[in-house]
Amino acid sequence: EVLDEVRLAGDAGFDPLGLATDAESLIRYRDAELKHGRLAMLAAVGWPLGELFQPDLAAQWHAPSLVFAQGGENPSVLNGGLQNVPVVFWAGAVAVAVAAELAGLQAANDGKAPGDIGLHAGQKALAGLLGSEAAVADAELANGRLAMFAFGGFVTQSVLTGSTFPYMYDDTMNLLTGTGLTLG
């Protein structure tokens, strides 16, 4: 079995659909999982913090608030606010993505582990706290998996509640009493 051929961080021997047909595909899938997990961790922190702090930061820099323009929500595909995001931001985001992808391709060509693009700042300190570098890799993978679900939850709650972080209905009491539930 392919999962027995390659030792990777977070390996629990779990591939019920048999997606990894060979060692190369398994490594490619793990690399993609790490990339998505890292983006999700950034998004899970950035989405609520953006809604909470962007209006104040924009006011301090005398810039228009992208959050206020969307009724308190981050600009997203869901609310049509992406056209208001400055082109400079998009250019920077694309440049960072291209640089990270090129670093990942170079690392793969050099035979490095999936997801290793050469950024090791703080890894030794974390290894000291968690006991080993393998534990750091396992923690990154587990937190990335959790963040992917968390970000999906943020998006779902934002759409369903129509409100901003912490994504509560404006009138929670009516919601509870309308479903027959009571408080007390």
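Residues numbered from 1 in each chain as written. Predicted model: local features only at pLDDT ≥ 70, side-chain atom pairs only at ≥ 80, totals over all residues. Heavy atoms only, no water.

Colleague: Explain the overall build of the chain to me, please; I cannot follow it from the model alone.
Modeller: For the chain, the helix and strand inventory stands at seven helices and zero strands. The secondary structure elements of the chain, listed N-terminal to C-terminal, are α-α-α-α-α-α-α. Considering the chain as a whole, with its 184 residues, one finds that 23% of them fall into the buried category. Considering only contacts in the chain between residues 6 or more positions apart, those separated by 24 or more positions represent 46%. A total accessible area of about 12,300 Å² is found for the chain, and carbon and sulfur atoms account for 66% of it. (Helix = DSSP H or I, 4+ residues; strand = E, 2+ residues; numbered from the N terminus. Buried < 20%, exposed > 50% of the residue type's maximum accessible area, 1.4 Å probe, protein only. Contact = heavy atoms within 4.5 Å. Areas by Shrake-Rupley, 256 points an atom, 1.4 Å probe, with all protein chains shown as cover.)

Colleague: Explanation requested: unusual backbone geometry in the structure shown.
Modeller: Keep in mind that most residues, glycine aside, have a negative phi and that most peptide bonds are trans. One non-glycine residue, His 62, lies in the positive phi region at around 55°. Along the chain, His 62 falls in the loop between α2 (23–60) and α3 (66–69).

Colleague: Explanation requested: the confidence of the model for the chain in the structure shown.
Modeller: Low pLDDT means the predicted atomic positions in that stretch should not be read closely. Confidence in the prediction of the chain, expressed as mean pLDDT, is 79, and 77% of residues score 70 or more. Per-element averaging of pLDDT across the chain places helix α7 (residues 172–178) at the bottom with 53 and helix α4 (residues 87–109) at the top with 90. (pLDDT = per-residue confidence, 0-100.)

Colleague: Sorry if this is basic, but what is going on with the nonpolar core here?
Modeller: One finds Ala 40, Ala 44, Trp 47, Ala 147 and Phe 154 forming the largest nonpolar core, which totals five residues. Contributing elements (two or more residues each) for this core: α2 and α6 (133–161). Once you skip the residues sitting within four places of it in the chain, Ala 40 turns out to touch Gly 144, Ala 147 and Met 148. (Core = buried A, V, L, I, M, F, W, Y, C linked by side-chain atoms within 4.5 Å.)

Colleague: I tried to follow the side chain of Ser 25 on my own but got confused; where do I start?
Modeller: Along the chain, Ser 25 turns up in helix α2. A polar atom in the side chain of Ser 25 sits 3.2 Å from the backbone nitrogen of Thr 21. Leaving out residues up to four positions away in the same chain, Ser 25 has contacts with Leu 19 and Ala 20. (Polar contact = N/O pair within 3.5 Å; in protein donor to acceptor, adjacent residues only side chain to side chain.)

Colleague: Got a minute to help me understand the packing of α2 against α6 in this structure?
Modeller: The interhelical angle for the contact between α2 and α6, taken along N-to-C directions, is 50°, at an axis separation of 7 Å. Compared by their axis directions, α2 and α6 come out oblique. Viewed along their axes, α2 and α6 form a crossing whose handedness is left-handed. Between α2 and α6, the contacting residues are Arg 30, Glu 33, Leu 34, His 36, Gly 37, Arg 38, Ala 40, Met 41, Ala 43, Ala 44, Trp 47 and Pro 48 on the first element and Glu 140, Leu 141, Asn 143, Gly 144, Arg 145, Ala 147, Met 148, Phe 151, Phe 154, Val 155 and Ser 158 on the second. Tallied by class, residues from the contact of α2 with α6 come to 13 nonpolar, five polar and five charged. (Axes fitted to C-alpha atoms, helices over the stretch in contact; angles between N-to-C directions. Parallel < 35°, antiparallel > 145°, perpendicular 65-115°, else oblique. Left-handed = near helix turned anticlockwise from the far one by under 90°. Nonpolar A, V, L, I, M, F, W, Y, C, P; charged D, E, K, R; others polar.)

Colleague: Mind showing me how you'd approach the packing of helix α5 (residues 123–130) against α6 here?
Modeller: When two helices pack together, their arrangement is given by the angle between their axes and by how far apart the axes lie. Between α5 and α6, the shortest axis-to-axis distance is 8 Å and the interhelical angle comes to 95°. On the basis of the axis angle, α5 is roughly perpendicular to α6. Between α5 and α6, the residues in contact are Gln 123, Lys 124, Leu 126, Ala 127 and Leu 130 and Glu 133, Ala 135, Val 136 and Ala 139, respectively. The residue makeup of the contact of α5 with α6, split by class, is six nonpolar, one polar and two charged.

Colleague: Would you take a moment to explain the pattern of salt bridges for this structure?
Modeller: Side-chain pairing between opposite charges can occur once the charged atoms of the two side chains come close. In total, this model carries seven salt bridges according to the counting rule given. Across the pair Glu 101 and Lys 35 runs a salt bridge, and its minimum N-O distance is 2.8 Å. A residue pair is termed long-range when its members are at least 10 positions apart, and Glu 101 in helix α4 and Lys 35 in helix α2 qualify at 66 residues. For Glu 101, a relative accessible area of 34% corresponds to the partly exposed category. For the salt bridge of Arg 38 with Glu 140, the shortest nitrogen-to-oxygen distance reads 2.5 Å. With a gap of 102 residues between them, Arg 38 in helix α2 and Glu 140 in helix α6 connect regions that are remote in the sequence. Salt bridges linked by common partners bring Arg 30, Glu 33 and Arg 145 together as one network. (Salt bridge = Lys/Arg side-chain N within 4 Å of Asp/Glu carboxyl O.)

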